[in-house]
Every structure is written in structure tokens, then in C-alpha cells.
Amino acid sequence: MAGLQHRLAAFAAARDWQQYHTPKNLAAALSVEASELVEIFQWLTPEQSVRVMEDAGQAARVEDEVADVLAYLLQFCEVLGVDALAALSAKIDRNEGRFPATAPAGPAHHSQ
């Protein structure tokens, strides 16, 4: 992850883009890219959405948008000094406390 953040920072620095990489701008760009990911699935049925990666063109679009979302998130974290993996781990810990797992209700639970 740190290596990717370094590559992204070097890419931006080589183009003198750091001036634009403020938390506000990066958060906005992240939102735009996430919306472009949503757009791919907008009119698909749930069944179609599960199979989206079977189409090479759609799969490439999904992968590009995932990359864009991740790139902006990593840049956002870099600018603010957020350790994304530590933040995620802490969030999972909190969610495990907030939403404890319950025992399966029986065979019907496994059929989903």
C-alpha cells in the first residue's frame, strides 16, 4: 500500500498536481469516481450485476473505476496522514462489537 501511495505521489509531483490534491478536492474526486462505479450497475438487475465481470468490456470498466476509487482514497489518506489499513481494522473491531454475530437459525439459514 505504501508503495502505491509513493507511486501516486510521484506521479502527481512530476506533473505539479500536488497543489490540487487538497483533502476537499480529493474527497470530491473520490465521490465522482465512486459514482462512475455505481453508474456501471445503475440499470442492471441484481442477477446481471453478479455476472458483470463475465463481459470483458464491462469487467475492464469495473476494474478501471475500482482503480480510480482506490487511487483517490490512497491519495486522500496520504494527504491527511490516515493509515487506511489501521482505520479499517479499527472500524471492523467496532462493528464486531456493535453487530455481534448470531447463531444460525437452522438449515434455512444456509440456503441463502
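Structural data are supplied above this passage.
Just so we're clear, the structure is a prediction, and the values are computed from it rather than from any experiment.

Q: Outline the side chain of His21, supporting the account with residue identities and numerical values.
A: Residue placement: His21 occurs in the loop between α1 (2-14) and α2 (23-41). A distance of 3.2 Å separates polar atoms of two side chains, one belonging to His21 and the other to Gln75. In this structure His21 touches Ala12, Leu26, Gln75 and Val79, once residues within four positions along its chain are discounted.

Q: I'd like a description of the environment of Gln19, backed by residues and values.
A: Among the structural elements, Gln19 can be located in the loop between α1 and α2. Note on Gln19: relative accessible area 48%, which makes it partly exposed. Separated by 83 residues in sequence, Gln19 and Thr102 place their C-alpha atoms 49 Å apart. A distance of 3.1 Å separates a polar atom in the side chain of Gln19 from the backbone oxygen of Asp16.

Q: Please set out helix α4 (residues 56-80) residue by residue, giving values where relevant.
A: Taking 1.5 Å of rise per residue, the 25 residues of α4 would be expected to cover 36 Å, and the 36 Å separating its terminal C-alpha atoms lies within 8% of that figure. Of all the positions in α4, only Ala59, Val62, Glu65, Ala71, Leu74, Gln75 and Cys77 are classed as buried. Those residues of α4 that are buried lie in contact with α1, α2 and α5 (84-98). Sitting at the amino-terminal end of α4 is Asp55, which places a side-chain oxygen 3.1 Å from the backbone nitrogen of Gly57.

Criteria and cut-off values
- Residues numbered from 1 in each chain as written.
- Predicted model: local features only at pLDDT ≥ 70, side-chain atom pairs only at ≥ 80, totals over all residues.
- Heavy atoms only, no water.
- Helix = DSSP H or I, 4+ residues; strand = E, 2+ residues; numbered from the N terminus.
- Polar contact = N/O pair within 3.5 Å; in protein donor to acceptor, adjacent residues only side chain to side chain.
- Contact = heavy atoms within 4.5 Å.
- Buried < 20%, exposed > 50% of the residue type's maximum accessible area, 1.4 Å probe, protein only.
- Expected span 1.5 Å × (residues − 1).

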